[in-house]
Amino acid sequence: MIEFIKVEKCLVCKASNARILYQFQSKDNNWYSALKCRNCGLVYASPQPVLTHEAINEIYSSDYYANYYGPKQDYQDLAQRDYYMKCYEKEYAIYDQYTEKKGNRRVFDVGCGDGKFLEIFRKYGWDCLGLEPSGIAQAKAVEKGFTVLDMPFLEVNEDIGTFDFIFLDNVIEHINDPNPF
């Protein structure tokens, strides 16, 4: 069971003067508020799940991936996959403009999911390492031949080496306290 907590202060600046932008009901039938911090401008939801390893695996269960693109539209649906891979290629081209062109480039994809972005990096010759807390997604990335760490980001030590690019896509919303992260 996922535990939810009411967010009393901004996750970034810790101010307690947010205004409600709107309220919404999620697919879990619970009501949430979208809040905007009057101090730093961060928009965040309240309540938020307490993101333990167990909660992440419950949220990102096989049901999540089975309905990723909508009801009964699987994450691995080939028509959707091809479209998104083309989008990822375009996104990669933007990132690649800002990285040094040299042999043996290394990327660390934090929150790599099933390795879709790692596939793009590997296509362009990068050595790839991922980090993914969801066991289901991690297994899919490993099946594709990627090395994927299963640990909290803040517990990663420098033994993993250096990287030319550290990539985080759709990660910040999964962090209860972004400042140490």
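Residues numbered from 1 in each chain as written. Predicted model: local features only at pLDDT ≥ 70, side-chain atom pairs only at ≥ 80, totals over all residues. Heavy atoms only, no water.

Novice: For this particular structure, what's the right way to read the overall build of the chain?
Specialist: Secondary structure assignment for the chain yields five helices and nine strands. Ordered by position from N to C terminus, the α and β elements of the chain give β-β-β-β-β-α-α-α-β-α-β-α-β-β. Seen along its three principal axes, the alpha-carbon backbone of the chain occupies a region of about 50 × 35 × 30 Å. Across the chain, the fraction of contacts at a sequence separation of at least 24, relative to all contacts at a separation of at least 6, is 55%. Of the roughly 11,200 Å² of accessible surface on the chain, a fraction of 51% belongs to carbon and sulfur atoms. Considering the chain, the positive charge centre built from 20 side chains and the negative charge centre built from 27 side chains are found 7 Å apart. (Helix = DSSP H or I, 4+ residues; strand = E, 2+ residues; numbered from the N terminus. Contact = heavy atoms within 4.5 Å. Areas by Shrake-Rupley, 256 points an atom, 1.4 Å probe, with all protein chains shown as cover. Lys, Arg positive; Asp, Glu negative; His and termini not counted. Charge placed at Lys NZ, Arg CZ, Asp CG, Glu CD.)

Novice: It is not clear to me how the sheet that holds strand 7 (residues 127-131) should be interpreted in this structure. Could you clarify?
Specialist: The strands making up a sheet are joined through hydrogen bonds of the backbone, oriented either antiparallel or parallel. Pairing is parallel in the open sheet, where four strands are placed in the order 8-7-6-9. The sheet is open, and its two borders are formed by strand 8 (147-149) and strand 9 (165-168), each paired with just one other strand. Strand-to-strand twist across the sheet, computed as the mean angle between neighbouring axes with direction ignored, equals 25°. The pairing of strand 6 (residues 106-110) with strand 9 spans four bridges and is classified as parallel. Each residue of the ladder has a partner; that of Phe108, found in strand 9, is Ile166. (Pairing = 2+ DSSP bridges. Axes fitted to C-alpha atoms, helices over the stretch in contact; angles between N-to-C directions.)

Novice: Explain the pattern of salt bridges to me, please; I cannot follow it from the model alone.
Specialist: Note that side chains of opposite charge can pair when their charged atoms are close. One pass over the structure, following the stated rule, counts eight salt bridges. As a salt-bridge pair, Lys123 and Glu89 come within 2.6 Å of each other at their nearest N and O atoms. On the criterion of sequence distance, the pair formed by Lys123 in helix 4 (residues 116-123) and Glu89 in helix 3 (residues 78-96) is long-range, its members being 34 residues apart. Salt-bridge contacts for Asp114 lead to Lys116; the nearest nitrogen and oxygen are separated by 3.0 Å. The exposure class assigned to Asp114 is buried, which follows from its relative accessible area of 1%. Taking relative accessible area as the criterion, Lys116 reaches 3% and is therefore assigned buried. (Salt bridge = Lys/Arg side-chain N within 4 Å of Asp/Glu carboxyl O. Buried < 20%, exposed > 50% of the residue type's maximum accessible area, 1.4 Å probe, protein only.)

Novice: How do you make sense of the sheet that holds strand 2 (residues 18-25) when you look at a structure like this?
Specialist: Pairing is antiparallel in the open sheet, where three strands are placed in the order 2-3-4. Pairing within the sheet leaves two strands with one partner each, and these edge strands are strand 2 and strand 4 (43-46). Averaged over all pairs of adjacent strands, the angle between strand axes in this sheet comes to 30°, irrespective of strand direction. With seven bridges connecting them, strand 2 and strand 3 (residues 31-37) associate as antiparallel partners. Across the sheet, the residue bridging to Phe24 is Tyr32, located in strand 3.

Novice: Is there a simple way to think about the packing of aromatic side chains in this case?
Specialist: The relative placement of two aromatic rings is captured by the distance of their centres and the angle of their planes. Going through the model one piece at a time under the given rule, you end up with 19 aromatic pairs. Judged by centre distance (5.9 Å) and plane angle (50°), the ring pair of Tyr22 and Phe24 falls under tilted. The class for Phe24 is partly exposed, based on a relative accessible area of 29%. For the ring pair Phe108 and Phe163, a centre distance of 5.1 Å and an interplane angle of 20° mean the geometry is stacked. (Phe/Tyr/Trp six-rings, centres within 6.5 Å; stacked < 30°, edge-to-face > 60°.)

Novice: How should the pairing of strand 7 be read in this particular structure?
Specialist: A large share of strand 7 lies buried, amounting to four of its five residues. Taken together, the five bridges between strand 6 and strand 7 define a ladder with parallel strand orientation. Each residue of the ladder has a partner; that of Asp109, found in strand 7, is Gly130. Since strand 6 and strand 7 lie parallel, the crossover through helix 4 that links them has a hand, and here it is right-handed. Here strand 7 runs beside strand 8; their pairing, made up of three bridges, is parallel. Across the sheet, the residue bridging to Leu129 is Thr147, located in strand 8. Handedness of the strand 7-helix 5 (residues 135-143)-strand 8 crossover: right-handed. (Right-handed = clockwise from strand over helix to strand, strands pointing away.)

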